[in-house]
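These are the residues of each chain, in order.
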Amino acid sequence: MASEANAEQIKSNNEAFAVPDNNAFGHSFRDYDKESERRAGVENFYKTNHINQTYQFAKKKKEEYGKLNSAEMSIWDCCELLNEFVDESDPDLDEPQIEHLLQSAEAIRRDYPIEDWLHLTALIHDLGKVLLHPKFGGEPQWCVVGDTYPLGCAFDESIVYHKYFGENPDSKHPIYSTKLGVYKENCGLENITISWGHDDYMYTVMKESKTTLPPAGLFIVRFHSFYALHRNGAYSYLMNEEDKENLHWLRIFNKYDLYSKSKVRVDVEKVKPYYLSLIQKYFPAKLKW
């Protein structure tokens, strides 16, 4: 992680990224109410997601995919697999995933040239979306992508399309429907069950690979879709001190993850050698997925 000596550079660079006015569709970012060709599909996605993401469902999926017996491949091989998919939950982008990964990684690289671990974290943060691939079971998008949130406790009203949780059986459970649910205050986000999807899956792959990325890198990957926390401050009562430190980096990362979604193309072959060198530095040649 960044040293104290880099604190001032980080502080100043956090202002360097020029946030565009519009997303790839010419609309405001994360505007779920804006009429567009994708709006109806995005809302239907979240309706299905919110009805079916239960505490027991997520625990079952985590156990199933935690075996990491679907494939063995490199990080870059996984990046190339994602060329086949577009995220149905995203109101800002309809490009193949590798475009977004490189856009966000290159934007961070320009502003934080010293923090190479953050460049690589940006490149790999969405790789868990390979769960959509037939090789990994061809999971439906509603249990792979989209905003994430804790399960086993009450659904916070800041979660997008919150109204659909009324049809989720956990919303009527005597324990899961309470503020703390199955948790204790300040238990640490490491100990919560987050809604199942690509974030938690990739975090599991990274952890089991013995990556040498700093803890903040794993935290970013696991919680980058947890918008209720890092945008609205919800569920902060579950955080411990380490979470608060890592949240600083997640908020920096999120700006690049969100606002780099544009029609600007990245020359993949030109930047590929740099990212291959980072993969070699922080990961084994082959990972279990």
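The rules we used
Residues numbered from 1 in each chain as written. Predicted model: local features only at pLDDT ≥ 70, side-chain atom pairs only at ≥ 80, totals over all residues. Heavy atoms only, no water. Helix = DSSP H or I, 4+ residues; strand = E, 2+ residues; numbered from the N terminus. Buried < 20%, exposed > 50% of the residue type's maximum accessible area, 1.4 Å probe, protein only. Contact = heavy atoms within 4.5 Å. Phe/Tyr/Trp six-rings, centres within 6.5 Å; stacked < 30°, edge-to-face > 60°.

Regarding the environment of Tyr-275
1) Next: Note on placement: Tyr-275 falls in helix H11 (residues 268-282).
2) Next: According to the relative accessible area criterion, Tyr-275 is buried, its value standing at 0%.
3) Next: A C-alpha to C-alpha distance of 9.9 Å links Tyr-275 and Ile-75, two positions 200 residues apart in sequence.
4) Next: Ignoring sequence-local partners within four residues, the contact set of Tyr-275 consists of Trp-76, Leu-102, Ala-105, Glu-106, Arg-109, His-119 and Leu-123.

With respect to the environment of Thr-48
1) Next: Residue position: Thr-48 is located in helix H2 (residues 39-52).
2) Next: Classification of Thr-48 as partly exposed rests on a relative accessible area of 26%.
3) Next: Separated by 116 residues in sequence, Thr-48 and Tyr-164 have C-alpha atoms that sit 8.3 Å apart.

Digging into the packing of aromatic side chains
1) Next: Using the criterion set out here, one finds 18 aromatic pairs in the structure.
2) Next: Their ring planes at 35° and their centres at 5.9 Å tell us that Tyr-46 and Tyr-161 sit as a pair that is tilted. Placement of Tyr-46 in helix H2 and of Tyr-161 in the loop between strand E2 (150-151) and strand E3 (193-194) is noted, with a sequence separation of 115 residues between them. Each member of the pair, Tyr-46 as well as Tyr-161, carries the same accessibility label: buried.
3) Next: Ring geometry for Phe-223 versus Phe-226: centroids 6.2 Å apart, planes at 45°, classification tilted. Each of the two residues, Phe-223 as well as Phe-226, counts as buried.
4) Next: Linked through ring pairs, Phe-219, Phe-223, Phe-226, Tyr-235 and Tyr-237 together constitute an aromatic cluster.

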